Amino acid sequence: MAIPTTAVLKKVAAMAKEKKVRRPVLNEVPLSSTMKPMTVNITMSPGQWDGFLKAAYDSGDNLIEVENEFPVRAYRKLPDA
């Protein structure tokens, strides 16, 4: 399991101060692109969104949506141009 970086933890703390976080439109990627060595994969329920997931997504980590214990969708933020 990867240890969150200080920057990610600071973002999570900042997000915790906000009352409600709305889930943005996420960039869907093929599940196969997330199952590679040296990637950070974080599982989530459908529709779930919080400060931790936002910080991970903004950092370029993979978010994997799981239903009935099976991965169904994956998301990763596009790199900034």
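Residues numbered from 1 in each chain as written. Predicted model: local features only at pLDDT ≥ 70, side-chain atom pairs only at ≥ 80, totals over all residues. Heavy atoms only, no water.

Draft legend 1. Structural detail: the environment of Ala14. By secondary structure assignment, the location of Ala14 is in helix H1 (residues 6–17). Judged by its relative accessible area of 40%, Ala14 falls in the partly exposed class. With 41 residues separating them in the primary sequence, Ala14 and Ala55 have C-alpha atoms 9.8 Å apart. (Helix = DSSP H or I, 4+ residues; strand = E, 2+ residues; numbered from the N terminus. Buried < 20%, exposed > 50% of the residue type's maximum accessible area, 1.4 Å probe, protein only.)

Draft legend 2. Structural context of the pattern of salt bridges. On inspection of all chains with the given rule, the structure shows five salt bridges. Among the salt bridges present, the one from Lys77 reaches Asp58, with a minimum N-O distance of 3.5 Å. Separated by 19 residues along the polypeptide, Lys77 in the segment after strand E4 (70–75) and Asp58 in helix H2 (residues 51–58) bring together distant segments of the chain. Note on Lys77: relative accessible area 31%, which makes it partly exposed. The exposure class of Asp58 is partly exposed, given its relative accessible area of 26%. Residues joined in a network through salt bridges with shared partners are Arg23, Glu65, Glu67 and Arg73. (Salt bridge = Lys/Arg side-chain N within 4 Å of Asp/Glu carboxyl O.)

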